[in-house]
Amino acid sequence: MTDKIDKGPAATPPAGPGASGTPYEAIKAIPVRHYGRWISAVVVAVLLGWLIYAFSQGKVIWATVGDKLFDPSVIAGLGNTVIISITSMALGLVLGILFAVMRLSNNPVTSFVSWLYIWFFRGTPVYVQLLVWFSLPLIFQYINLGPIYKNETVDVMTPFMVALLGLGLNEGAYMAEIVRAGIQSVDEGQSEASHALGMTRTQTMRRVVLPQAMRVIIPPTGNEFINMLKTSSLVSAVQYTELLRASSNIGSTAGAVIEMYFVASIWYLALTSVFSVGQYYLERRYARGSLRSLPPTPLQRLKANLNMFRRTEVAK
């Protein structure tokens, strides 16, 4: 004998336009309220307003900041900052590639020399390295390369040369580790396939490995260059007139020390902003082979939002 289970009244499907002509009831979506976001936004806005008010009440002559922003000495120092940053970064990039390849070499001598270079220049402060290069004439009176070149060290180690060697050699140690990580990110099968096609190790590295490693190398390299722009302020200690030194000289003579620090800060922010945009598009270019579709750029997102806003206004 089978027990009968009472399932209750049969469920009737909602009436649809095909049955009784009554339309389905519209679903009302109620968005979730995020009270924490509003609270945090208010707190941040209050703190930002308090900070702006505090600086506005300080003893800062803001008119001097605007007047000295485009001072010829400041612009000249700005140009020197860009020049020393680009040249030092170029030297560091070349040395980084060279010592990264040496580090990955099967030759124990070249591998050890690369490790020693990275260990030394990463282990000592860049400020100390600048002072050592600046004091080199105290150790060597002449730079003698035999029949190739000979000159007094004090004439060779100009402030620009000291800054270039101090920043470039130090950056080369960091770039070596960045490039090494990028090279090791490429699958070994790529190298094996290249060797099977008859390519040498140099051809494989230049045509196969490095182009693929750039996707990993570019982001930290961009960060290193942004850091180089700010680290270049240290070369004022070796009498190289870059942005900070030029601003400080004006501040000490005009009695506007803090105002000129603000001028230097504004220009540093402008430089980092410009080069950050360049880094973004460079990363986007080398990401083409790893993503199915590239994400929209900020300009493309702005255009899309404007078009959506226009369509909404037209619909109203």
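Fair warning: this is a prediction, and the values are worked out from it, not measured in the lab.

(A) Here's a closer look at the overall build of the protein chain. Looking only at helices and strands, the protein chain has 12 helices and two strands in total. Seen in sequence order, the protein chain has helices and strands lined up from the N terminus as α-α-α-α-α-β-β-α-α-α-α-α-α-α. Counting the 316 residues in the protein chain, one finds 29% classified as buried. For the protein chain, the computed accessible surface area is about 21400 Å², with 65% contributed by carbon and sulfur atoms.

(B) A look at the confidence of the model for the protein chain. Averaged over the protein chain, the pLDDT score is 83; the fraction of residues at 70 or greater is 86%. Averaged pLDDT values over the elements of the protein chain bottom out at 71 in helix 12 (residues 298–315) and peak at 94 in helix 4 (residues 108–123). Taken as a whole, residues 1–5 scores under 50 in pLDDT and shows zero contacts with residues more than four places along the chain or in a different chain.

(C) The arrangement of the pattern of salt bridges in detail. A complete count under the given rule lists three salt bridges for this structure. Across the pair Glu177 and Arg103 runs a salt bridge whose closest N-O atoms are separated by 3.1 Å. On the criterion of sequence distance, the pair formed by Glu177 in helix 7 (residues 159–184) and Arg103 in helix 3 (residues 72–103) is long-range, its members being 74 residues apart. Between Glu177 and Arg122 there is a salt bridge, with its nearest N and O atoms 3.7 Å apart.

(D) How the structure looks around the packing of aromatic side chains. Counted according to the given criterion, the structure contains nine aromatic pairs. With 4.8 Å between their ring centres and 75° between their planes, Phe225 and Phe275 make a pair best called edge-to-face. Highlighted residues: Phe225 in helix 9 (residues 201–231) and Phe275 in helix 11 (residues 257–286), separated in sequence by 50 residues. Through successive ring pairs, a cluster of aromatic residues spans Phe99, Tyr117, Phe120 and Phe121.

(E) Here's a closer look at the packing of helix 3 against helix 7. At their nearest, the axes of helix 3 and helix 7 sit 6 Å apart, and the two run at 40° to each other. Considered as vectors, helix 3 and helix 7 are oriented oblique to each other. For helix 3 against helix 7, the interelement crossing comes out right-handed. In terms of residue class, the contact of helix 3 with helix 7 is made up of 17 nonpolar, six polar and four charged.

(F) Summary view of the packing of helix 5 (residues 126–134) against helix 7. Two elements in contact, helix 5 and helix 7, have axes separated by 9 Å at closest approach and are oriented at 140°. It follows that helix 5 is oblique to helix 7 by the angle criterion. Between helix 5 and helix 7 the crossing geometry is right-handed. Where helix 5 abuts helix 7, its residues Val126, Gln129, Leu130, Trp133 and Phe134 lie against Val162, Ala163, Leu165, Gly166, Leu167, Leu169 and Asn170.

(G) Structural detail: the nonpolar core. Judged by nonpolar contacts, the single largest core of 26 residues is most densely connected at Val74, Val179, Leu243, Val263 and Trp267. When residues of this core are traced back to their parent elements, those giving at least two are helix 3, helix 7, helix 9, helix 10 (243–254) and helix 11. Sequence-distant contacts of Val74, that is, excluding residues within four places in its chain, are made with Lys68, Leu69, Leu243, Ala246, Ser247, Ile250, Met260, Val263 and Trp267. Formed by 24 residues, the second largest nonpolar core is a distinct cluster that contains Met157, Leu165, Leu169 and Met228.

(H) Quick peek at helix 3. Taking 1.5 Å of rise per residue, the 32 residues of helix 3 would be expected to cover 46 Å, and the 45 Å separating its terminal C-alpha atoms lies within 8% of that figure. Where helix 3 begins, the side chain of Asp71 points an oxygen toward the backbone nitrogen of Ser73, at a separation of 2.9 Å.

Cut-offs applied
Residues numbered from 1 in each chain as written. Predicted model: local features only at pLDDT ≥ 70, side-chain atom pairs only at ≥ 80, totals over all residues. Heavy atoms only, no water. Helix = DSSP H or I, 4+ residues; strand = E, 2+ residues; numbered from the N terminus. Buried < 20%, exposed > 50% of the residue type's maximum accessible area, 1.4 Å probe, protein only. Areas by Shrake-Rupley, 256 points an atom, 1.4 Å probe, with all protein chains shown as cover. pLDDT = per-residue confidence, 0-100. Contact = heavy atoms within 4.5 Å. Salt bridge = Lys/Arg side-chain N within 4 Å of Asp/Glu carboxyl O. Phe/Tyr/Trp six-rings, centres within 6.5 Å; stacked < 30°, edge-to-face > 60°. Axes fitted to C-alpha atoms, helices over the stretch in contact; angles between N-to-C directions. Parallel < 35°, antiparallel > 145°, perpendicular 65-115°, else oblique. Left-handed = near helix turned anticlockwise from the far one by under 90°. Nonpolar A, V, L, I, M, F, W, Y, C, P; charged D, E, K, R; others polar. Core = buried A, V, L, I, M, F, W, Y, C linked by side-chain atoms within 4.5 Å. Expected span 1.5 Å × (residues − 1). Polar contact = N/O pair within 3.5 Å; in protein donor to acceptor, adjacent residues only side chain to side chain.

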